[in-house]
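Take a look at the letters that make up each chain.
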Amino acid sequence: MTRAAATTPAGPLAGLSVVELGDGTSGPYAAKMLGDFGAEVVKVETAAGDSTRRRGPFPDGRPDPEASGLFLYLNLNKYGVTLDLKTTAGRIALDHLLSNADIFISNLSSETLRAADIGPLSLRERYPNLIITTISPFGSTGPWANRKGDELITYAMSGMAYSTPGMPDASDDLEREPPLHPAANVNETIAGLVAATATLTAVFGRSRTGEGCHVEVSQQAALAAMQIRDITTASFTGERYNRLLNPMTIGRMPNFYVPCKDGYVTVAAPMDIHWERLVEAMGKPDWALSKDYATGAARTVNWVALRLKIIEWTMKLTGDELHAIAEEMQLPMFPFYSIRKVADCEQVRERRSLVDVDIGGKRARMPGAPFALRKSPWQLRRPAPRLGEHNEMLLGQLAGATS
Amino acid sequence: MKTAKPLPLEGIRVMDLGQFIAMPFCTLWLAWLGAEVIVVESRKRSTARTAPPFAEGHDRDFNASGYFNFLNAGKKSCAVDMTTAAGRDIVRQLAGKVDVVVDNFSTGVLEKLGLGYESIVKLHPTVIMASNGAFGRTGPMRNSRGLHSAVNLFSGVADVTGYDGGHPRILGGVIPDPLSGTYSNFAILAALHHRNRTGEGQFIDLAMYEAMMTLIPEAVIDYTLNGVEPERVGSRDSMKAPHGIYRCKDDDTWLALSVASDEEWMALCGVAQRPEWAADARFKTADARQKNVAALDLAVEGWTRGQQVHAATDALQAASVAAGPVLRIDELLDDAQLNERGLVITTDHPVVGKRCQLGIPWRMDSLGINYQHAPLVGEHTHQTLTELIGIDAATYARLEADGVLA
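Conventions adopted
Residues numbered from 1 in each chain as written. Chains lettered and ligands numbered in written order. Predicted model: local features only at pLDDT ≥ 70, side-chain atom pairs only at ≥ 80, totals over all residues. Heavy atoms only, no water. Helix = DSSP H or I, 4+ residues; strand = E, 2+ residues; numbered from the N terminus. Buried < 20%, exposed > 50% of the residue type's maximum accessible area, 1.4 Å probe, protein only. Contact = heavy atoms within 4.5 Å. Areas by Shrake-Rupley, 256 points an atom, 1.4 Å probe, with all protein chains shown as cover. Lys, Arg positive; Asp, Glu negative; His and termini not counted. Charge placed at Lys NZ, Arg CZ, Asp CG, Glu CD. Polar contact = N/O pair within 3.5 Å; in protein donor to acceptor, adjacent residues only side chain to side chain. Domains from an automatic or database assignment. Buried area = accessible area lost by both parts, 1.4 Å probe. Salt bridge = Lys/Arg side-chain N within 4 Å of Asp/Glu carboxyl O. Nonpolar A, V, L, I, M, F, W, Y, C, P; charged D, E, K, R; others polar. Pairing = 2+ DSSP bridges. Axes fitted to C-alpha atoms, helices over the stretch in contact; angles between N-to-C directions. Parallel < 35°, antiparallel > 145°, perpendicular 65-115°, else oblique. Left-handed = near helix turned anticlockwise from the far one by under 90°. Core = buried A, V, L, I, M, F, W, Y, C linked by side-chain atoms within 4.5 Å.

1. Some thoughts on the overall build of chain B
Across its full length, chain B holds 18 helices and twelve strands. A principal-axis box enclosing the C-alpha atoms of chain B has dimensions of 85 × 50 × 40 Å. Expressed as a percentage of its 406 residues, the buried residues of chain B come to 63%. Considering only contacts within chain B whose residues lie at least 6 apart along the sequence, 69% involve residues at least 24 apart. Roughly 14100 Å² of accessible area belongs to chain B as shown, and the carbon and sulfur atoms make up 50% of that amount. Across chain B, the 38 positively charged side chains and the 48 negatively charged ones have centroids separated by 4 Å.

2. Quick notes on the side chain of B:Thr224
Tracing the backbone shows B:Thr224 in helix α9 (residues 217–226). A relative accessible area of 16% places B:Thr224 in the buried class. A distance of 2.9 Å separates a polar atom in the side chain of B:Thr224 from the backbone oxygen of A:Arg365.

3. So, the domain arrangement of chain B
Domain parsing of chain B yields domain 1 (13–214 + 376–401) and domain 2 (243–332). Between the C-alpha centres of domain 1 of chain B and domain 2 of chain B the distance comes to 44 Å.

4. Some details on the interface of chain A and chain B
At the interface, 151 residues of chain A touch 152 residues of chain B. When the two sides are added together, the surface that chain A and chain B hide from each other amounts to roughly 12900 Å², 64% of it contributed by carbon and sulfur. When residues of chain A are sorted by the area they lose upon contact with chain B, A:Phe204, A:Phe236 and A:Ile339 head the list and together hold 7% of the total. Inspection of the region where chain A meets chain B yields 18 salt bridges. We note a salt bridge from B:Arg169 to A:Asp169, for which the minimum N-O separation is 2.7 Å. Remark: the boundary between chain A and chain B carries 71 residue pairs in polar contact (both at pLDDT 80 or more). Element by element, the count of residues in the side of chain A that touches chain B is highest for helix α7 (residues 186–209) of chain A, at 16 residues. Residue classes in the side of chain A that touches chain B are distributed as 84 nonpolar, 37 polar and 30 charged. Taken together, the two bridges between strand β12 (residues 372–373) of chain A and strand β6 (residues 202–207) of chain B define a ladder with antiparallel strand orientation. Looking across to β6(B), one finds that A:Ala372 is bridged to B:Asp205.

5. Some thoughts on the environment of B:Val40
Residue and element names in this part refer to chain B. Here Val40 shows up in strand β2 (residues 36–41). Between the alpha carbons of Val40 and Asp81 there is a distance of 8.7 Å; along the sequence they are 41 residues apart. For Val40, the contacting residues outside a window of four places in its chain are Met15, Asp16, Leu17, Cys78, Val80, Val91 and Leu94.

6. Focus: the packing of α7(A) against helix α7 (residues 176–198) of chain B
Interhelical geometry of α7(A) versus α7(B) gives an angle of 30 degrees and a closest axis separation of 10 Å. Classified by the angle between their axes, α7(A) and α7(B) sit roughly parallel to one another. Judged by the sense of rotation from one axis to the other, the crossing of α7(A) with α7(B) is left-handed. Residues A:Ile190, A:Leu193, A:Val194, A:Ala196, A:Thr197, A:Leu200, A:Thr201, A:Val203 and A:Phe204 of α7(A) touch α7(B), and the partners they reach there are B:Leu179, B:Thr182, B:Tyr183, B:Asn185, B:Phe186, B:Leu189, B:Ala190, B:Leu192, B:His193 and B:Asn196. Residue composition of the contact of α7(A) with α7(B), grouped by class: 13 nonpolar, six polar and no charged.

7. A few points about the nonpolar core
Residues A:Ile190, A:Phe371, B:Phe186, B:Ile204 and B:Trp362 are the most contacted members of the largest nonpolar core, which totals 196 residues. In terms of residues, this core owes the most to one element, α7(A), which gives twelve residues. Split by domain, the residues of this core number at least three in each of domain 1 (13–214 + 376–401) and domain 2 (243–332) of chain B. If we skip the residues at most four places from it in the chain, B:Ile204 touches A:Phe371, A:Ala372, A:Leu373, B:Ile128, B:Met129, B:Ala130, B:Ser131, B:Ala187, B:Ile188 and B:Ala191. In this structure, B:Met15, B:Ile38, B:Tyr117 and B:Ile389 belong to the second largest nonpolar core, which totals 31 residues.

8. Comments concerning the environment of B:Val102
Residue and element names in this part refer to chain B. When you line up the elements, Val102 lands in strand β4 (residues 100–103). The class of Val102 is buried, set by a relative accessible area of 0%. Between the C-alpha atom of Val102 and that of Ala130, which follows or precedes it by 28 residues, the distance is 4.7 Å. Setting aside residues no more than four positions away along its own chain, Val102 makes contact with Val14, Met15, Asp16, Leu17, Gly18, Met23, Thr27, Ala130 and Ile188.

And the structure:
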C-alpha cells in the first residue's frame, strides 16, 4: 500500500495491514489495538455509520455522530471508508481493500458476512494468506451458535456476573444484591483484546506455515477463560461458588471491603505479619490483643465481630489517611478512588495513562497506551475517521462503490 | 493433547519469573500456543505452590497445588535460588538464551538482585522484558503494593460498579490479573514482531490499573469532557431497557435479559404472555421504557420469578430476544457451549491426576494448540542448565550441593 505517510516513527506492528468490518466495541477494539501499535487499519462502515457514533458521551450531551467519545476512542488511528456491501460495486471495493490486506477483522453476524459473500470459508479460498478474525457472542459452532447475545448476556454466561461483587467484597444480602454487571463494556472490550492477541498469534503462525488462518473468537469464552482462580476451586473441591460474604469466599481474615469516614477501603491482613502491623496501626487496642483475635484461626471464627471492630476504626479515618498508614506500615489496604480522583491524580498524569483529545471542539482525555513499549511506543497518529473520510483517497478510482 | 497442526509460537523461548496470577496467566497462553516457557522458581520461597486448593491427601505438597498447576500447565520448571550469587548468575545466563523475560515482582525486587532490565540488557542487548506491576514501574505510586481489589478501586472501575444508588463495588474474578496478563501477551507478541523487523529488543512496562482503565472509556471521557461523574445503576444500560439480571423461580437462579429494540420488547411481551405490557404507554418506546425503568424492571421480575431460568432462556431466544442464564463459576465446566467449543480441557498430572480447566478461548483452522500438565518443581532444572547454558556435570553437582538449585 502506498498511503502510509511515515511522518511519525513506525510502531511495532508497522507493515501489517488490516481491514475492519466492525460495529460496537469488540471488533473495533481488536482493530484499534493493532492500529494503535502501528498497523495500517481501514475501517469499513455503512452509510449509517458504526452504532457507537450514536452512543456518546457527547460534548454537553448533544448527540453528534462525529463527536461520540466512545466512537472516537475505539477508532483512533484508523482510516475510514463507507461501503454498501449489498451492491456489486461495494463488494468489488471491499475486494480491492482485502487484496492488499494481511488481516480481516469482523464482529458482524455470520449471516451478514455470508450475504455479502465474505463468510470466512469464502475468504479463506479467495485469499489463502489472509488472517480472518471473527468475533461472535458464543462462537460459530455449538448449541448457542445462532443465539443472540450482547455484553450483558455473555458477561452473565462467563461466570463474571455471579461473582460480582467480587472478593473481598461479595454480596451481604442475597435478596437485595443479585449478580451484578457494571456500567461498562467489560466483556466486549476483553473479547476485542483477546481477538487482537489471537490475531498476532496467527501472524506468527503464518510466518511458520506460509498460510492464512481463520481465527474464531467467542466473546463468552474470552471472559470465561479468565476465571482462572475460581475455576481451580471448583475443579479441585467440587464446591459450589458462594456469593455470600463469608470466610470461605473471602479467605483468610481480616480481608474486608468496608466503609471509612469519606468512602470505602479494602483492609487485608492475611498473614500474621500483616495482622501485627494492622494491630499496631490501630494503636494496639485491647480487643485486638485478646485471645479472640490472637491467631489466624480465631480471627476466622470471629470474623463477623472482627469486621465490625475494623469498621469502628476505619470510620474514624479518611481514605487518604488510611492509604498513608498502609504505605507507612506496608499493609495491603487501599481506598476507593472515584473516576474524578484517579483521572486527576499524579500517577496517571506522570505515566500519561490518559491522553488529551479533541471531541467536537472540546478538550477531553481518554485511555492511551494500555502498557508502555519503551522503544516502539503507543502513538496517536490520527484521530478517528469522519464518516467516509477516506473514500476518495482509498477508493477514488472505484467510482460508485461508496454508499 | 498436541494437535498435528503447527503451533503458532513454536521457536519462541520465555523465562518466566512470574508470581501468582498475572504473568503466569500471560505465559500460560504462550506455552499452550507453542512457546517454550521456563519457570524459574525456588522451593525456598512461598509461592502459588504453597497456596490451596491442594489435591486430596496432598496438603502442602509443592506439586499438588491446583492454583499453581492450572496457571503453569505446559511450562517447564527450573529450580534456582535467586538469593544466592550463583543462582543470580544462572538467571543472567538464561536471559541470554531466551527471547523474552517476564516478571511481576513488586517494583524494585529484581533491581535489588541485580536482575533488572538495565542489568540484563547490558549483557543481552536484544532481550525483551515485560514487567507487570499494580501501578507500573514509573510514577509516584510505583512502589505501592496492590492486590486485585486495590487495582479495581484505583482504576475507576469500582466507580461504575454497584447497585442502584449504592456504593462502589469490586468486580469478580480477580480480573485485573488475567486482564493485565493478556495485555502482556499482546505486548510481548508486538515487541517480538518489532524485533523481527528491526533487531531491536525493549522493556515493556505494564500497570494493572491501566489495563483496567481500558474497560471504562465512556466514564473517563464523560468526566474529562463534561465533568459528569458516574451514577451507579445496577445492571441497567443507558440505551437498552429492559436490561438486567432478574430473579427466577429456583433458589439463587437468575436470568440475564437485554432488549435493544421495540420489536424485541414486543417479542418479550409475547413470550411472557403479557399483552397488557405491549399496550402500556409507559413501555411503548425505548425512551419511554428508559424513563419508566423502575416500573419496567419490577414488571419483568414479576414474570421471571415464576420461570425456570433455562426454559425462559429457550423461549426468549426462540423469539429472538437476547437472554441467558447467569452461570456460576462451577457451572462453566459443565456448560454445553463451552464444552463444544473445546474450552473445557483435561490435563493429567502425575501427582494430582486428571483435572478440568479452561483453555484458549478461540479456534484456529490452520494452527494448533498444545495442552500439557504443569511441571513438577525443578523437573527441568538439569535439562535447562546443561542443554541451554552448557553447565558441566561437576559444576551441576556443586551447585546442587550448595543448595543453589533448591
